[in-house]
Amino acid sequence: MNILLNGESREYPEATTVARVITDIGLSGKRIAVELNKEILPFDRYEQQTLQDNDRLEIVHAIGGGQDDTFTVAGTRFHSRLLVGTGKYKDLEETRLAIEASGAEIVTVAIRRTNIGQNPGEPNLLDVISPDKYTILPNTAGCFTADDAVRTCRLARELLGGHKLVKLEVLADQKTLFPDVAETYVAAELLVKDGFDVMVYTNDDPIAAKRLEDIGCVAVMPLAAPIGSGLGIRNPYNILTIVENANVPILVDAGVGTASDAAIAMELGCDGVLMNTAIAAAQHPVMMAEAMRKAIEAGRLAFLAGRMPRKRFASASSPIDGLFL
Ligand SMILES: CC(=O)[C@@H](O)[C@H](O)COP(=O)(O)O
């Protein structure tokens, strides 16, 4: 039988249990949580769970602030579930400090608006955000057609020496900056055929999200609200449906305004959140970057822990049943 362990295929000659896989990879005895086919099995509840052919098992070390709680995009594992942009900062030093405080490992760069080598002689973002330290995620912000977006990704690939991971966004109009989903499909198909690993920005529409996954995108990134609006998650039920249907990482992208918005995205089961304005436009960007890092970790842990069911009526916090009064 075959299982997918943290995104990698693993063969077993016969049916096996989660406990056996954990022993095989040297983690027995540790307090961990696992995700089986997107469902969290916290702590010790997975032990005797028998795996089926093609089950997807993610190992999640939840204890200790998510130190080893990783997610995988295009075969690379990342510890930080917070992805950040580089626009709207006062200067490059503030950009550097905020990104450092965010703990982000993936940093997105608008190729049409940021110099990463295409304008020699001008300040180069890569001098402060080094590709040796961060995974640079070129994005196609400012592209309104599939052709433009594909051309921009190819330019990024040249500038970054064969880099395959890109964030595709094809926008429909200046006022809303909502994605043009039809053009996004076309661009995604062309880029996937051309060998790119495509993380794709889209509406909070479960049908569009699934279609982009089927096209071969390595991650799907539904908006929380319009880019730069800071309105937070407008449609949590759609985000939840997208997460439940997905076989690739789902990252909320755009419209987050403050730390609680980021935590809600994580509590809904998203794999991560990408944001820019909420940090860069805060009164204290570096402080907000740290708040966002903590919110992402707290939201993730709350998701793993599993929230209590909502109830319509009260139930006493200190039950007296069984007490002799
Ligand atoms: C930086 C980037 O890629 C933006 O296009 C992204 O969508 C972020 O949006 P916010 O600025 O609303 O966080």
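First things first, this report covers the structure right here in the doc. Just so we're clear, the structure is a prediction, and the values are computed from it rather than from any experiment.

1. Some remarks on the pairing of strand β2 (residues 8–11)
Phase 1 of the analysis: Pairing of strand β1 (residues 2–5) with β2, which is carried by four bridges, proceeds in the antiparallel orientation. Considered in β2, the bridge of L4 is made with S9.
Phase 2 of the analysis: Linking two consecutive strands that pair antiparallel, namely β1 and β2, is a turn of two residues; a positive phi of about 45° is found at N6 within it.

2. Remarks on the packing of aromatic side chains
Phase 1 of the analysis: Enumeration over the complete set of coordinates arrives at one aromatic pair.
Phase 2 of the analysis: When the centroid spacing of 6.0 Å and the interplanar angle of 40° are considered together, the rings of F71 and F78 count as tilted.
Phase 3 of the analysis: The exposure class assigned to F71 is buried, which follows from its relative accessible area of 2%.
Phase 4 of the analysis: Residue F78 is classed as buried on the basis of its relative accessible area of 5%.
Phase 5 of the analysis: Positioned above the aromatic ring of Y185 is the side chain of R211, whose terminal nitrogen or guanidinium carbon lies 4.2 Å from the ring centre.

3. Let's talk about the pattern of salt bridges
Phase 1 of the analysis: Scanning the model with the defined rule gives 16 salt bridges in all.
Phase 2 of the analysis: Among the ionic pairs, E93 bridges to R96, the shortest N-O distance being 2.8 Å. Separated by three residues within a single helix, E93 and R96 lie in helix α2 (residues 92–102), roughly one turn from each other.
Phase 3 of the analysis: The class for E93 is partly exposed, based on a relative accessible area of 38%.
Phase 4 of the analysis: What makes R96 partly exposed here is its relative accessible area of 26%.
Phase 5 of the analysis: With a closest N to O distance of 2.8 Å, K167 and E169 form a salt bridge. As far as burial versus exposure is concerned, K167 and E169 are alike and both buried.
Phase 6 of the analysis: One salt-bridge network, in which partners are shared between bridges, spans E93, R96, E100 and K133.

Calculation criteria
What you see as residue numbers is a count from 1 along each chain, following the sequence as written. For a predicted model such as this one, the threshold for reporting local features is a pLDDT of at least 70, and the threshold for listing and counting side-chain atom pairs is 80 or more; totals across whole chains, interfaces and linings nevertheless cover every residue. Note that water and hydrogens are dropped before the side-chain values are worked out from all heavy atoms of the structure. Between any two strands, pairing holds if DSSP finds at least two bridges. Only DSSP runs of H or I covering at least 4 residues are called helices, and only runs of E covering at least 2 are called strands; the numbering of each starts at the N terminus. Stacked, edge-to-face and tilted are the three classes for Phe, Tyr and Trp ring pairs, Trp counted by its six-membered ring, which pair at centre distances within 6.5 Å; planes under 30 degrees apart are stacked, over 60 edge-to-face, the rest tilted. Working definition: with a 1.4 Å probe on protein chains only, accessible area under 20% of the residue-type maximum means buried, over 50% means exposed, and in between means partly exposed. When the NZ atom of lysine or the CZ atom of arginine is within 6 Å of a ring's centre and also within 35 degrees of its normal, the charge is said to sit over that ring. Each salt bridge in this description consists of a side-chain nitrogen of Lys or Arg and a carboxyl oxygen of Asp or Glu lying within 4 Å of one another.

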